[in-house]
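Letter by letter, the chains look like this.
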Amino acid sequence: MGCLSLNQLNTKDMPVDANNKSHILTVNAGSSSIKLALFDPQDVLKPVFEASIENIGQPAADFAATGANQADVVKSVTAADHGAAATILLDWLKQLPDGSIAVIGHRIVHRGPKYYEPRLIDDELLAGLRELTIFDPEHLPVEIQLIQTFQRQFPDVKQVACF
């Protein structure tokens, strides 16, 4: 994911947990999947935790999670849409041991001609992305929905769109 480098983030101001850790959460939405990965800013090459739901909208979607010192999990879940899948993933994320999310990066597939660098997500950017949904009706509406879902779940966490 082409996104902000760590030196562009002010890591000294990142919230930390009881173990003095903060994490970067990445969100990657596809037309029938959502993938999450949680990274330690000190070692961004190896995810601390990964989870995904594939086959969203099918009678049985596939949930998989690995890492965070927990046993790997693979199971069927009911995820009629991306909202239901996001709820499952967020519930799983809440179960992880100590971990504070400092920033959330969202992979945005279609950027249009205006967006070519990572940007902090604000109302102006969301409005601009909504205008582009006619060019990518399979991905952009879902990506916007997930941004809003994560904004509600983590209202104080900065979120970045990565194009």
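Going by the structure above, here's the rest.
Residues numbered from 1 in each chain as written. Predicted model: local features only at pLDDT ≥ 70, side-chain atom pairs only at ≥ 80, totals over all residues. Heavy atoms only, no water.

Asker: Outline the packing of helix α2 (residues 123-131) against helix α3 (residues 140-153), supporting the account with residue identities and numerical values.
Answerer: Running from amino to carboxyl end, α2 crosses α3 at an angle of 160 degrees, the nearest separation of the two axes being 9 Å. Classed by the angle they form, the pair α2 and α3 counts as roughly antiparallel. For α2 against α3, the interelement crossing comes out left-handed. For the pair formed by α2 and α3, the contact residues are L126, L129 and R130 on the first element and L140, I144, I147, Q148 and Q151 on the second. The residue inventory of the contact of α2 with α3, partitioned by class, reads five nonpolar, two polar and one charged. (Axes fitted to C-alpha atoms, helices over the stretch in contact; angles between N-to-C directions. Helix = DSSP H or I, 4+ residues; strand = E, 2+ residues; numbered from the N terminus. Parallel < 35°, antiparallel > 145°, perpendicular 65-115°, else oblique. Left-handed = near helix turned anticlockwise from the far one by under 90°. Contact = heavy atoms within 4.5 Å. Nonpolar A, V, L, I, M, F, W, Y, C, P; charged D, E, K, R; others polar.)

Asker: For α3, give the residues involved together with the corresponding values.
Answerer: Its 14 residues give α3 an end-to-end C-alpha distance of 20 Å, which sits within 8% of 20 Å, the value for a rise of 1.5 Å per residue. Those residues of α3 that fall on the buried side of the exposure criterion are L140, V142, E143, I144, L146, I147, T149 and F150. (Expected span 1.5 Å × (residues − 1). Buried < 20%, exposed > 50% of the residue type's maximum accessible area, 1.4 Å probe, protein only.)

Asker: Break down the pairing of strand β3 (residues 49-54) for me, citing the residues and quoting the values.
Answerer: Of the strand pairs in this sheet, strand β2 (residues 33-39) and β3 are connected by six bridges, and their pairing is antiparallel. When the sheet's bridge partners are listed, S33 is paired in β3 with E54. As paired strands, β3 and strand β4 (residues 61-67) are joined by six bridges and run antiparallel to one another. Across the sheet, residue I53 finds its bridge partner in β4, namely F63. Once β3 ends, the chain turns through six residues before running back antiparallel as β4, passing N55 with a positive phi of about 65 degrees. (Pairing = 2+ DSSP bridges.)

Asker: Now, about the sheet that holds strand β5 (residues 70-77): what can you tell me, with residues and values included?
Answerer: Pairing in this open sheet of eight strands is mixed, and the strands run β5-β4-β3-β2-β1-β6-β8-β7 from one edge to the other. Of all the strands in the sheet, just β5 and β7 (119-120) have a single pairing partner and so form its edges. Contacts between helix α1 (residues 82-94) and the sheet are confined to β1 (23-29), β2, β3, β4, β5 and β6 (101-107), with β3 contributing the most and set at about 155 degrees to the helix. Along the sheet face, α3 touches β1, β2, β6 and β8 (158-162) and points at about 150 degrees away from the line of β1.

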